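If you want the building blocks of each chain, they are given just below.
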Amino acid sequence: MGRSRLTPERESELYQAVIDLLGEVGYDALTMDAVAARTRSSKATLYRQWKGKPELVVRALRHVKPHAAVWVDTGSLRGDLHAIAASTDDCEKEKSADLIGGLVHAIRDHPDLYEALRELMIDPGIEELNVVLRRAVDRGEISADSPALEFLPHMLVGGYVTRPLVEARCVTTEYLRRYLDAVVLPALGV
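Everything numeric in this text was worked out from a predicted model, so none of it was measured.

Asker: Could you give an account of the packing of helix 8 (residues 152–167) against helix 9 (residues 173–187), naming the residues involved and the relevant values?
Answerer: Two elements in contact, helix 8 and helix 9, have axes separated by 11 Å at closest approach and are oriented at 140°. Here helix 8 is positioned oblique relative to helix 9, judged by the angle of their axes. Along this stretch, helix 8 crosses helix 9, giving a crossing that reads as right-handed. When helix 8 is examined against helix 9, the residues Leu152, Met155, Leu156, Gly158, Gly159, Tyr160, Arg163 and Glu167 are found in contact with a partner set consisting of Tyr175, Leu176, Arg178, Tyr179, Leu180, Val183, Val184 and Ala187. Class assignment for the residues of the contact of helix 8 with helix 9 results in 11 nonpolar, 2 polar and 3 charged.

What follows is the structure, given as structure tokens:
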């Protein structure tokens, strides 16, 4: 699509407006009309830039929460995972958890949203995590045939999204570090 027509500043402004609206009204009530009104742009402009609401929402999420995994290389798997856990502050973690929770609910009724999430966030995120894991295998920290490797994305997402459900508490960097040390790293044999 003709995405290059927007300046980076304008694109950031649009993405932030989408995230704000998503937090205010949720995915179902978020409309391209509302985004256009909030950003003083036309709906036609939005559709020229993005295929539709699912792509716009996921690209906005990816923009405000880029994956940190490939940029992190501390020399150890534990250090890398701790650095990734600390890559956003606790306030941002809370906002992200709320948004993701709402989207998890929405994907049941919106397969197009799931496809956009899968294509633009989940698969790239898993591939970036695999870069971190390959480095750990190359360093000899974990075995390439560890049965836990297959479940690592599930463990990481699980630790992130279940704390609010189980404990009615927000995810914090300290919580994630303890979770990594107690659950994830032992499962990988570290």
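Back to the write-up after that little detour.
Asker: Describe the pattern of salt bridges, naming the residues involved and giving the relevant values.
Answerer: Across all of its chains, the model carries 15 salt bridges by this definition. Here Glu24 ties to Arg38 by a salt bridge, and the two come within 2.7 Å at their closest N and O atoms. Residue Glu24 is located in helix 1 (residues 8–29), and its partner Arg38 is located in helix 2 (residues 32–39); the two are separated by 14 residues in the primary sequence. Of the residues examined, Arg38 reaches a relative accessible area of 37% and is grouped as partly exposed. With its nearest N and O atoms 2.9 Å apart, the salt bridge here joins Arg78 to Asp181. One end of the pair, Arg78, is in helix 5 (residues 77–85); the other, Asp181, is in helix 9, with 103 residues separating them in the sequence. We classify Asp181 as partly exposed; its relative accessible area is 30%. Overlapping salt bridges, with partners in common, bring together Asp73, Asp80, Arg135, Arg139 and Glu141 in one network.

What counts as what
- Residues numbered from 1 in each chain as written.
- Predicted model: local features only at pLDDT ≥ 70, side-chain atom pairs only at ≥ 80, totals over all residues.
- Heavy atoms only, no water.
- Axes fitted to C-alpha atoms, helices over the stretch in contact; angles between N-to-C directions.
- Helix = DSSP H or I, 4+ residues; strand = E, 2+ residues; numbered from the N terminus.
- Parallel < 35°, antiparallel > 145°, perpendicular 65-115°, else oblique.
- Left-handed = near helix turned anticlockwise from the far one by under 90°.
- Contact = heavy atoms within 4.5 Å.
- Nonpolar A, V, L, I, M, F, W, Y, C, P; charged D, E, K, R; others polar.
- Salt bridge = Lys/Arg side-chain N within 4 Å of Asp/Glu carboxyl O.
- Buried < 20%, exposed > 50% of the residue type's maximum accessible area, 1.4 Å probe, protein only.

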